[in-house]
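Commentary on secondary and tertiary structure
Next come the chains, spelled out residue by residue.
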Amino acid sequence: MADGGGGWRPPRPCEAYRAEWELCRSARHLLHHYYVHGERPACEQWRRDLASCRAWEQRRSNEAQQSLCESERARVQAAQKYTLVWALRQSPPADWHLPLPQEKDE
């Protein structure tokens, strides 16, 4: 990211942060998140990101720029920390073209 903020743009438009914050606060998301995770969703980060984005657009604040960069980095790292459930194959199985066992019986 460029320092000084000359050509720097927020990673997402401010409308995206507002939409994520409103989605996080919706009743449907609250129920879904509580059902899946057993706790209420933490929407505070989306609100802070929205405020930082607006501060950047209005005043070109360096603090807002740093806050948005750190938040996006943390979001990317959190998404990457989970391991894959399935092992990825390098090539297809040798017998991929043969009929399946239930097709052989028929």
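See the structure printed just above.
We now turn to the structure provided with this report.

Conventions we followed
- In this convention, every chain numbers its residues from 1, walking through the sequence in written order.
- Since the coordinates come from a predicted model, pLDDT governs what is reported: local features require at least 70, and pairs of side-chain atoms require 80 or more to be given and counted, while whole-chain, interface and lining totals use all residues.
- Hydrogens and waters are ignored; side-chain quantities use all the structure's heavy atoms.
- The criterion for a disulfide is a pair of cysteine sulfur atoms lying within 2.5 Å.
- In DSSP terms, a helix is any run of H or I states spanning at least four residues, a strand is any run of E spanning at least two, and both are numbered starting from the N terminus.
- Here, expected helix span is obtained from the residue count minus one, scaled by 1.5 Å.
- Burial classes: relative accessible area under 20% of the type maximum marks a residue as buried, over 50% as exposed, and values in between as partly exposed (1.4 Å probe, protein chains only).
- Directions are taken from the helix axis to each C-beta atom, and the arc is the one they span.
- Residue contacts follow a heavy-atom distance rule, with two residues in contact if any of their heavy atoms lie within 4.5 Å.
- A pair is scored as a salt bridge if a Lys or Arg side-chain nitrogen falls within 4 Å of a carboxyl oxygen belonging to Asp or Glu.

Covalent bonding between the sulfur atoms of two cysteines is what defines a disulfide. With the rule as written, the count across this model stands at two disulfides. Shown here is the disulfide that connects C14 with C53, its sulfur atoms set 2.0 Å apart. On the sign convention where negative is left-handed, the bridge of C14 and C53, at about -95° about the S-S bond, is left-handed. Placement of C14 in helix α1 (residues 14-25) and of C53 in helix α3 (residues 44-59) is noted, with a sequence separation of 39 residues between them.

In an α-helix there are 3.6 residues to a turn, and that puts residues three or four apart on one side. A rise of 1.5 Å per residue sets the reference length of α1, with its 12 residues, at 16 Å; its end C-alpha atoms lie 17 Å apart and thus fit the reference within 8%. All of the buried residues in α1 are C14, Y17 and C24. Buried residues along α1 cover an arc of 90° about the axis, so they all sit on one side. Each element contacted by the buried residues of α1 is listed here: α2 (27-37), α3 and α4 (62-80).

Bringing the pattern of salt bridges into the picture now. Scanning the model with the defined rule gives five salt bridges in all. A salt bridge links E44 to R47; the shortest N-O distance between them is 2.4 Å. Pair noted here: E44 and R47 are both in helix α3, with a separation of three residues, about one helical turn. With a relative accessible area of 37%, E44 lands in the partly exposed category. Connected through shared salt-bridge partners, R12, D49, E72 and R75 make up one network.

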